[in-house]
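Structural description and commentary
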Amino acid sequence: MSELFWVALGSIGTTLAFGGVVWQGYLTRGALKVSQLMTADAIRSRLDSQAPGVTLKLSPPPWEPLAATNTGMPCNTWPNGHTWHFPAEQGGANRLVLQQILVLENLSDRRVQARFDGDLVVADENRRPAVAGVILLEPGETSRDVYLQREFTIKELSENFTAKQAGQELPHKVLGTVTVEDDRDNGSTDRWDLVLTGCPVEPVPDRDALWRITPYHMTEGPGLRTLDYSLLPPRQRIHWVSRTRGIQLPAPDGA
């Protein structure tokens, strides 16, 4: 009995010792993770403090929506009270432009590069839309007007109206992305995702298949209320350990 007791006790001791090693390893890994997180937070704070101060400002969309034209940028509205009939007049020149104007201002002391993707254009010398592409902003410089805009047929905008009435996501949107960064390898990249949509047309009451621009409402005001847009879109920031090697600093937990 005595021999069995000491064998059992030795086994328990070995198990406890192994458990202690495992627990010590767990504590070590936990401490290492905390240290890594603290280091990453410190780097992130440093990069934030050194990031170029660039602001993006969007203007409200014009109301009423502008009429699309083949001779240049949209510059006027359809005649007051104009209606459209489906299906005979659902295409061709029966188009509206949803539009916002944005400007970037470089408040930092470094040159930055801005890249525009999606439905973002500038007006060329003939007032025709041209791809905004990439621009450089010197310290203290403000960009020219950049237009977040896209043409939609009245038919497409009527589909937005129907979707909103059904509580569904609107199928037709103006989408753009603005990305700003400086030339530092260990720096940051700022990105804004832009969305403009809405249903600025509605059925004419008691008139089958006729649609019109949403008129002024006694309590709800102008039809601008039918558009979904942002004047201050949220900024997303990527922190780089090395931009040239494509190594990003991991985002904080929950981000």
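Residues numbered from 1 in each chain as written. Predicted model: local features only at pLDDT ≥ 70, side-chain atom pairs only at ≥ 80, totals over all residues. Heavy atoms only, no water.

**Structural notes on the environment of Val241**
- Mapped onto the elements of the fold, Val241 is located in strand 15 (residues 235–242).
- For the pair Val241 and Gly187, spaced 54 residues apart in sequence, the C-alpha separation works out to 7.4 Å.
- Among all residues touching Val241, those that are not within four sequence positions of it are Asp185, Asn186, Ile247, Gln248 and Leu249. (Helix = DSSP H or I, 4+ residues; strand = E, 2+ residues; numbered from the N terminus. Contact = heavy atoms within 4.5 Å.)

**Focus on the pattern of salt bridges**
- Enumeration according to the criterion identifies 14 salt bridges in this entry.
- Here Arg243 and Glu181 are joined by a salt bridge, their closest N and O atoms 2.9 Å apart. With Arg243 in the loop between strand 15 and strand 16 (247–248) and Glu181 in strand 10 (residues 173–181), this pair connects stretches of sequence that are 62 residues apart. Each of the two residues, Arg243 as well as Glu181, counts as buried. (Salt bridge = Lys/Arg side-chain N within 4 Å of Asp/Glu carboxyl O. Buried < 20%, exposed > 50% of the residue type's maximum accessible area, 1.4 Å probe, protein only.)

**Observations concerning the sheet that holds strand 12 (residues 201–203)**
- Spatially, the three strands line up as an open sheet ordered 3-13-12, and their pairing is antiparallel. The open sheet terminates on both sides in strands that have one partner only, identified here as strand 3 (83–85) and strand 12. Neighbour-to-neighbour, the strand axes of this sheet turn through a mean angle of 35 degrees, independent of strand direction.
- Of the pairings in the sheet, the one linking strand 3 to strand 13 (residues 210–213) comprises three bridges and is antiparallel in character. Each bridged residue has a counterpart across the sheet, and for Trp84 the counterpart in strand 13 is Trp211.
- Packed on one face of the sheet, helix 2 (residues 154–165) meets strand 3, strand 12 and strand 13 and runs near 75 degrees to strand 12. (Pairing = 2+ DSSP bridges. Axes fitted to C-alpha atoms, helices over the stretch in contact; angles between N-to-C directions.)

**A closer look at the environment of Pro129**
- By the element assignment, Pro129 lies in strand 7 (residues 129–131).
- Overall, the relative accessible area of 48% leaves Pro129 in the partly exposed class.
- Separated by 20 residues in the primary sequence, Pro129 and Gln149 place their C-alpha atoms 9.5 Å from one another.
- The contacts of Pro129, once residues within four sequence positions are left out, are Gly72, Met73, Val121, Val122 and Gln149.

**A look at the side chain of Arg184**
- By the secondary structure assignment, Arg184 is in the loop between strand 10 and strand 11 (188–198).
- There is a polar contact of 2.8 Å between the side chain of Arg184 and the side chain of Asp182. (Polar contact = N/O pair within 3.5 Å; in protein donor to acceptor, adjacent residues only side chain to side chain.)

**A short note on helix 2**
- Given a rise of 1.5 Å per residue, twelve residues ought to cover 16 Å, and the 17 Å separating the end C-alpha atoms of helix 2 matches this to within 8%.
- Among the residues making up helix 2, those that are buried are Ile154, Leu157, Ser158, Asn160, Phe161 and Ala163.
- Of the surrounding secondary structure, the elements contacted by the buried residues of helix 2 are strand 3, strand 4 (95–106), strand 9 (146–153), strand 11, strand 12 and strand 13.
- Looking one or two residues beyond helix 2, the residue adopting positive phi is Gly167, at roughly 70 degrees. (Expected span 1.5 Å × (residues − 1).)

**Considering a nonpolar patch on the surface**
- Residues Tyr229, Leu231 and Leu232 make up a contiguous nonpolar surface patch of roughly 300 Å² in combined accessible area.
- One can find Leu231 in the loop between strand 14 (227–228) and strand 15.
- Taking relative accessible area as the criterion, Leu231 reaches 36% and is therefore assigned partly exposed. (Patch = residues over 30% accessible without salt bridge, like charges linked within 9 Å, V, L, I, M, F, W, Y side chains within 5 Å. Areas by Shrake-Rupley, 256 points an atom, 1.4 Å probe, with all protein chains shown as cover.)

**Re the pairing of strand 9**
- Of all eight residues in strand 9, six are buried, a share of seventy percent or more.
- Alignment of strand 4 against strand 9, held across eight bridges, turns out to be antiparallel. Along strand 9, the bridge assignment pairs Arg95 with Thr153.
- As judged from the two bridges shared by strand 6 (residues 120–123) and strand 9, these two strands associate in the antiparallel manner. Among the inter-strand pairings, Val121 is bridged to a residue of strand 9, identified as Tyr147.

**Comments concerning the pairing of strand 1 (residues 54–58)**
- Burial of the side chains of strand 1 is restricted to one face: Val54, Leu56 and Leu58 are buried, whereas none of Thr55 and Lys57 on the reverse face is.
- The sheet contact formed by strand 1 and strand 4 spans five bridges and is antiparallel. Residue pairing for strand 4: Leu58 is matched across the bridge by Leu102.

**Comments concerning the packing of aromatic side chains**
- Under the defined criterion, the tally for this structure stands at two aromatic pairs.
- Ring geometry for Phe161 against Trp211: centres 5.5 Å apart, planes inclined by 85 degrees, an arrangement best described as edge-to-face. With Phe161 in helix 2 and Trp211 in strand 13, this pair connects stretches of sequence that are 50 residues apart. In this structure, Phe161 and Trp211 share a single accessibility class: buried. (Phe/Tyr/Trp six-rings, centres within 6.5 Å; stacked < 30°, edge-to-face > 60°.)

Interpretation in functional terms is not warranted from these geometric data alone.
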